[in-house]
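Below, each chain spelled out in residue letters.
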Amino acid sequence: MGAGQVDLPRALTQLSEDEVMFQGSVREFAADRIAPLVRQMDEAQAFDGGLLKQLFELGLMGIEIAEEYGGAGGTFFEAILAVEAISSVDPSVGVLVDVQNTLCINALNRWASAEQKWRWLPRLAEDTVGAYALSEAGSGSDAFALETRATKRVSDHGHDYVLNGQKLWITNAKEAGLFIVFATVDRAAGYKGITAFVVEQGTPGFALGKKEDKLGIRASSTCELVFTDCVVPAANVLGDVGKGYKIAIETLNEGRIGIGAQMLGLAQGAWGHAAKWAKERRQFGKALIEFQAMQFQLAQMATEIEVARLAVYNAARLKDNGSEFLKEAAMCKYVASEVAEKVASLAVEVFGGSGFVKDYPVEKLYRDAKIGKIYEGTSFMQLATIGKLLLDVR
Ligand SMILES: Cc1cc2nc3c(=O)[nH]c(=O)nc-3n(C[C@H](O)[C@H](O)[C@H](O)COP(=O)(O)OP(=O)(O)OC[C@H]3O[C@@H](n4cnc5c(N)ncnc54)[C@H](O)[C@@H]3O)c2cc1C
């Protein structure tokens, strides 16, 4: 800062030079490398293998991993910018990057021991996808009613845990090499029995179950996980035994901002397609954009996207500053999911009949938008969190 200049607080959406450069490079990558693959990946219900490799090479799968472990050494805010930029092109790739960074890497950065960090972070930065397994058939919103059991067993080298049970709806499961799995060591202890384990793909007794055939984000894999007498070393317990609920809650608080960013990107992408179409499509001898009704719809959508952006960026900045962000995280996921669904729906209408077919990208974005109100806590659960925090009710 030059002499005489005042250090004014930055507007929330005002990015530093580094952030602008980073955002630009991710946007360019998404436009050049992801956009041509979107339809094919949606239809194949799988990611392109080459694309996955490029995401690692660009450091996008290890944004917050420190450089000493081979990561990009970036901030949480940068992870949010990346998820937003990628999701504006493909929210399926957006959630792959989001789960890796805001859930898995965040959990390890925060809760892994030094030895565990050296064991897993270099792999996550290099070529290993992570997954985060909390939900079960009987426990979704009521996540801590989970039933997967971890039984302590004495072994030759101390002790280990034997996992039995099933997880449902696990994002990245097909691609993942490392799974953060929540299980209970003591059901009678309620949430105080919940413990987080890192389970490696290929561990005997661990198998993928059914892969879901979904409405949206179809390239992203969502699978059941099955644990049958799966032995996990005690050295793979993340944090303390019985403290898994804290790890789950605190990681999901951060993850919610990531889903907010995914939905924000989706809304921005849908808006961009709608605005372009309105300029090109002619009816009644004019471009659609010349009708004031069309201008108003696009202006209203853009305003709502900006509101969502402020909410998402604010929550991410609070997190990076070490401030409280629980309420803001819930609010930003809630509002960005609402806006994404609304904007994607309007974008389909702006395209008319062409919005209803797969030849144009808005049909997919409309399908993809629905998940924002469901995973990492439904919209009702976000409202419950906001209500509790604001109104001091239980
Ligand atoms: C594509 C996809 C990917 C996912 N990825 C993951 C993942 O990677 N890891 C993971 O652990 N989980 C994942 N999930 C699970 C997801 O987080 C849960 O589906 C979600 O939390 C909702 O749980 P549920 O499906 O059991 O619905 P339920 O909890 O049964 O909810 C059904 C409805 O009841 C409402 N409801 C529930 N309780 C209340 C209440 N107290 N008051 C008012 N309304 C209520 C809900 O808001 C919802 O509308 C994923 C799900 C999907 C669909």
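Every chain is numbered independently, its residues counted from 1 as its sequence is written. Since the coordinates come from a predicted model, pLDDT governs what is reported: local features require at least 70, and pairs of side-chain atoms require 80 or more to be given and counted, while whole-chain, interface and lining totals use all residues. Excluding hydrogens and water, the side-chain values take into account all heavy atoms of the structure.

A. Structural view of the site of the ligand. In the vicinity of the ligand there are 18 residues, among which S135, S141, W169, T171 and T378 approach most closely. Take Y132: an N or O atom from its main chain is 2.8 Å from a nitrogen atom of the ligand. We define a polar contact as two N or O atoms separated by no more than 3.5 Å, with the added condition that, inside protein, one atom must be a possible hydrogen donor and the other a possible acceptor, whereas residues neighbouring each other in sequence contribute only through side-chain atom pairs. Note that an oxygen atom of the ligand is positioned 2.9 Å from one of the backbone N or O atoms of L134. Protein chains bury 63% of the 970 Å² of accessible surface belonging to the ligand in isolation. Runs of H or I in DSSP of at least four residues are treated as helices and runs of E of at least two as strands, each being numbered from the N terminus. Those elements that provide at least two residues to the shell around the ligand are β1 (129-133), β3 (158-171) and α11 (379-391). A total of three residues in the shell around the ligand trace back to one element, the largest contributor, which is β3. A domain assignment, automatic or from a database, supplies the domain bounds used here. Residue assignment places the shell around the ligand across two domains, with domain 2 (132-243) and domain 3 (246-391) each supplying three or more. Proximity criterion: a residue is near a molecule or strand once any of its heavy atoms comes within 4 Å of it. In short, Shrake-Rupley with a 1.4 Å probe defines the accessible areas, and a residue's cover is counted only from the protein chains shown.

B. Summary view of the pairing of strand β7 (residues 222-233). For β3 and β7, the ladder comprises nine bridges, and the chain directions are antiparallel. In the sheet register, T171 faces β7, and the bridge partner there is T222. Only when DSSP finds a minimum of two bridges between them are two strands counted as paired. Note that strand β6 (residues 206-211) and β7 share four bridges and pair antiparallel. By the bridge assignment for β7, L208 is matched with L225.

C. Unusual backbone geometry, seen in detail. A positive phi angle, close to 30°, is found at I217, a residue other than glycine. Tracing the backbone through its elements, the reader meets I217 in the loop between β6 and β7. Even without being glycine, D229 reaches a positive phi, approximately 50°. On the secondary structure map, D229 appears in strand β7.

D. Highlighting helix α3 (residues 49-57). Buried within α3 are the following residues: L51, L52, Q54, L55 and F56. The contact definition used throughout considers only heavy atoms, calling two residues in contact when any of these lie within 4.5 Å. The secondary structure elements touched by the buried residues of α3 are α1 (17-34), α2 (38-44), α4 (76-87), α5 (91-111), α6 (114-126) and β1. Only protein chains enter the accessibility calculation, which uses a 1.4 Å probe. A residue is then buried if its area is under 20% of the maximum for its type, exposed if over 50%, and partly exposed in between.

E. Seen up close, the side chain of R218. With respect to the helices and strands, the residue R218 is situated in the loop between β6 and β7. In this structure, R218 is in contact with D42, Q45, A46, S92, D213 and R367, ignoring residues within four places of it in sequence.

F. Main features of the pattern of salt bridges. For this document, the term salt bridge refers to a Lys or Arg side-chain nitrogen within 4 Å of an Asp or Glu carboxyl oxygen. The tally for this structure, following the rule as stated, stands at 27 salt bridges. Here R317 ties to E19 by a salt bridge, and the two come within 2.8 Å at their closest N and O atoms. One end of the pair, R317, is in helix α8 (residues 292-320); the other, E19, is in helix α1, with 298 residues separating them in the sequence. With relative accessibility at 18%, the residue R317 sits in the buried group. The class of E19 is buried, set by a relative accessible area of 9%. Notably, a salt bridge pairs E363 with R367, separated by 2.8 Å at the nearest N-O pair. Residue E363 and its partner R367 are both found in helix α10 (residues 362-369); the two are separated by four residues, about one turn of the helix. With respect to class, E363 is no different from R367; both count as buried.

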